[in-house]
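Spelled out from the first residue to the last, the chains are:
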Amino acid sequence: MLGLLAAIQSGVAQSGAPDPRIGSWTLISAQANLDPPNRLAITPVHDGTHVVMLGETHVDFTANQNGHQSSAPGNLAFNQIELHRINKRQADVKEEKDGTVVATVREKLSNDGNELTSTTMTRGQADKITVWTRSGGAKVAKDPFAGEWTQDLSKTRLRQSLVLKIEADGGGGVRFMGDFSYTARFDGKQYDLKNSRNDSVTIQLVDPHTVEAIYRRDNQVAQTDRWVVSSDGQRMTVSTTGTLETGQHLTERLTFKRQ
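Residues numbered from 1 in each chain as written. Predicted model: local features only at pLDDT ≥ 70, side-chain atom pairs only at ≥ 80, totals over all residues. Heavy atoms only, no water.

A. Focus on the pairing of strand E14 (residues 181-185). Where strand E13 (residues 173-177) meets E14, five bridges bridge the pair, whose relative direction is antiparallel. Opposite Gly173, over in E14, you have Arg185 as the bridge partner. Linking two consecutive strands that pair antiparallel, namely E13 and E14, is a turn of three residues. (Pairing = 2+ DSSP bridges. Helix = DSSP H or I, 4+ residues; strand = E, 2+ residues; numbered from the N terminus.)

B. Examining the confidence of the model for the protein more closely. Across the protein, the average pLDDT comes to 78, with 78% of residues at 70 or higher. Across the protein, strand E15 (residues 191-192) holds the top mean pLDDT of 96, while helix H1 (residues 2-15) sits lowest at 40. Per-residue pLDDT stays below 50 along residues 1-19; that stretch engages in 62 contacts with residues further than four places along the chain or on separate chains. Contacts of residues 138-142 to residues separated by more than four positions or lying in other chains number 16 contacts, the stretch itself having pLDDT below 50. (pLDDT = per-residue confidence, 0-100. Contact = heavy atoms within 4.5 Å.)

C. Focus on the pattern of salt bridges. In total, this model carries four salt bridges according to the counting rule given. Arg235 is the salt-bridge partner of Asp152, the closest N and O atoms lying 2.6 Å from each other. Taken together, the residues span a long stretch of sequence, with Asp152 in the loop between strand E11 (147-151) and strand E12 (163-168) and Arg235 in strand E19 (residues 235-243) at a distance of 83 residues. Note on Arg235: relative accessible area 36%, which makes it partly exposed. (Salt bridge = Lys/Arg side-chain N within 4 Å of Asp/Glu carboxyl O. Buried < 20%, exposed > 50% of the residue type's maximum accessible area, 1.4 Å probe, protein only.)

D. Layout of the side chain of Thr240. Relative to the elements of secondary structure, Thr240 occurs in strand E19. Of note is the side chain of Thr240, whose polar atom sits 2.7 Å from the side chain of Asp225. With near-sequence residues (within four places) excluded, Thr240 lies in contact with Gln223, Thr224, Asp225, Leu250, Thr251 and Glu252. (Polar contact = N/O pair within 3.5 Å; in protein donor to acceptor, adjacent residues only side chain to side chain.)

Here it is in structure tokens:
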């Protein structure tokens, strides 16, 4: 099913039209209520679309824009996807395992762009229909996080005068520069840090105005940051919880203003 989401993204990208489907999605289920719910994050990358599913099943792959078969390693149900765009709001995908078709999926976007209905057809099994509802808009790194930010000293006891710079890296990720730096993508993978007491970072888009960053030291989670940009895009709040090398627990909340 996720392969098909990427197919829709690829088809529209090829036509040059704006693509309203890139964003975050939450699974709707009449049979169960999951907390947290199953989620999709769909982001544009160079020459393709990156798709991540979090929840009961973890799926992570990048689909090419050329409409041909794409490799999707590391996924349990399939390792190849073959994309076929029907029209602007519909597409089919063949999910394949080692060259054998295991499922065919038809995906349809609602007229208002807020629901994705997926019908999965597998030989010998009843069709499975799932519905995803939009929970966030465009997931483009430069909006609304990109830019230069200075600490609002009136909102904190910690007079650090921090200056942050966040920019798109041209490959679907971001470059972060502050008292430490890194380049990372929103794909759940670990990326190295520079000039930091921690070793690596994992970043995830929670919604269009929220990013969660998880930092690890010696393969253990040492710190979690939540970045929230205001609706007008002029302020950003960073809430931090973590453990220092001394064993002390850290809780911090900083506010930044856009330059």
